[in-house]
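An overview of the molecular structure
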Amino acid sequence: MLHRGAAALAHLPLLSGAVPTVCVTAAALLAAAVIVAAGVRVRRGRTVGAVFGSLGALGLVASLLVAAAVLTNLTVTRYPTVALALGHRPVVPAEGHGRLVDFEIPGTVSGFSARMATIYLPASYDAGADDLPVLVLLTGQPGHVVDWIEGGRLAATMDAFAARHGGAAPIVVVADGLGDTEANPMCMDSDLGNAATYLSVDVPDWVRSNFRVSSDSRAWAVGGYSYGGTCALQLAVTASSVYPTFLDISGEDEQRRGTRSESVAAAYGADTPANEARFERATPLNILSRNRFLDSAGAFVAGSDDEEFRPQTERAFEAAAADGLDVHYSELPGGHSMQVWAPALDQEMDWLGGRLGLLG
C-alpha cells in the first residue's frame, strides 16, 4: 500500500515544485489538526497525550509516503505532470514540428504482449519525405514509453535536431520492451516472454509495413537508458544485422533480475548448470568476447555521480572497444536519472544522425 501511495504522489511534477508544495501543505494540515484536536480535549478536561500519539503515528506514515514518492520520482521520473497521470497525452503543434502518434505493435512472431508504442514523426514525413531512418528507443525498468516523451523531452530534442539540419530527422519509435511497468523480461527470449524477438523482428517488420522508412539496416539504430541501455547493447550484439548502431545510456554490463542465480531461475525456471551456461551465452559481454562486430558502432553515456551503473556502463564500453567496435564513451553531470538520460540523447543526436545517413 505504501508503494502504491508513493507511486500516486510521484505522478506530481517533482522538479517544478508540486511535490514540495504537497509536502508543506500536508504538514500544515497535520499541524492544524493536532492543534485543533488538542484544544478540544483541553476544553473537555482531557489529556492531550492520546491525540499526539495518534496523529504522530499518522505523521510518520505520511512522512514515509512522501519520502518514498520523492525517491521514486527522482529515480524514474515516470509521471512528470498530473495531467499525464490522468491519461492526457501531450500535444505537439503540427505546424513546423514533428508529431506524436500512438500505435499497438503486435507481437506477431514473438507472442510478446507489449503496451502501446509512441512514434515521433518528423515534420518532413508529413511533407512527403520517404525512406527515412529509424531510431527505436527503450525505457528503464520500471517504466513506460511516456517516460521518453515527457521526462525525456523526445519531441523537443528531435525538433531541435531537425531545425539544426534543414528539417532532417529520423522517425523515432518508443517501443515497449517490458510488457508492464514493473515487469523485467531482461530483453531476452525466455520463460518471461520473447522480448528480444519482439524488438528485433516484430517491431522493425511492423514499422516497415506501416511507415515510409528505410529498408537498409544501416539506417536503423536502437537506444535506451538503464534497462533500455542494457537492452540496446543486447540487441546490438544479438541482432546486429537489424541494429548496427546503438546508444547505451547508463546500461548494465549484463541483463539482471536480482543476483545471477535469481536471474537464471527467472529466465529458465531453475538455476541449473545448463541454464547458467545458457544464460551466460546470452550476456552481451560474453557475446562480444566470442564475436566480431566490425560494421557496428555505439555510444555509451553515464552519469558522473552514478556509482552503481556508471562502472557497469564503462565495463560494457571497454568490452565493445576491445572487440573492435567503433564506440565512444562520455559522462554527463548527474546520477541515475533523467538529468542525464534526456541530455544524453540530445548530445548523441549528431553522431546518430551521421550514422543513420541524415547528415550528408
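As shown above, the structure is provided for reference.
This write-up is about the structure you can find in this document. (Residues numbered from 1 in each chain as written. Predicted model: local features only at pLDDT ≥ 70, side-chain atom pairs only at ≥ 80, totals over all residues. Heavy atoms only, no water.)

1. Let's talk about the environment of His328
- Within the secondary structure, His328 is located in strand S10 (residues 326–332).
- Separated by eleven residues in sequence, His328 and Phe317 place their C-alpha atoms 7.5 Å apart.
- Those residues within four positions of His328 in sequence are excluded, and the remaining contacts are Gly298, Ala299, Phe300, Phe317, Glu348 and Trp351. (Helix = DSSP H or I, 4+ residues; strand = E, 2+ residues; numbered from the N terminus. Contact = heavy atoms within 4.5 Å.)

2. Examining the state of the cysteines
- Summed over all chains, the structure comprises one disulfide.
- There is a disulfide in this structure between Cys187 and Cys231, and the S-S distance comes to 1.9 Å. Between Cys187 and Cys231, the disulfide has an S-S torsion of 50° and is therefore right-handed. Pair noted here: Cys187 is in the loop between strand S4 (171–174) and strand S5 (189–190) and Cys231 is in helix H9 (residues 227–238), with a separation of 44 residues, a long-range link.
- Its relative accessible area of 4% is what places Cys187 among the buried residues. (Disulfide = S-S within 2.5 Å. Buried < 20%, exposed > 50% of the residue type's maximum accessible area, 1.4 Å probe, protein only.)

3. Notes on the nonpolar core
- Core analysis: the biggest nonpolar cluster contains 47 residues, and Val136, Ile171, Val173, Leu199, Val203, Val207 and Phe211 have the highest contact counts within it.
- Those elements that provide at least two residues to this core are strand S2 (117–121), strand S3 (134–138), S4, helix H8 (195–210), strand S7 (220–225), H9, helix H12 (284–290) and helix H13 (310–322).
- It is H9 that contributes the most residues to this core, seven residues altogether.
- Discounting residues that sit within four places of it in the chain, Val136 has contacts with Val173, Ala175, Val203, Trp220, Ala221, Val222, Gly223 and Tyr243.
- With 35 residues, the next largest nonpolar core counts Leu135, Trp148, Val301 and Met349 among its residues. (Core = buried A, V, L, I, M, F, W, Y, C linked by side-chain atoms within 4.5 Å.)

4. Concerning the pairing of S10
- Direction of pairing for strand S9 (residues 297–303) relative to S10: parallel, over a ladder of seven bridges. Across the sheet, the residue bridging to Ala302 is Glu331, located in S10.
- Since S9 and S10 lie parallel, the crossover through H13 that links them has a hand, and here it is right-handed. (Pairing = 2+ DSSP bridges. Right-handed = clockwise from strand over helix to strand, strands pointing away.)

5. Examining the side chain of Thr197
- With respect to the helices, strands and loops of the structure, Thr197 is situated in helix H8.
- Its relative accessible area of 17% is what places Thr197 among the buried residues.
- Once you skip the residues sitting within four places of it in the chain, Thr197 turns out to touch Val109, Ser110, Asp189 and Asp202.

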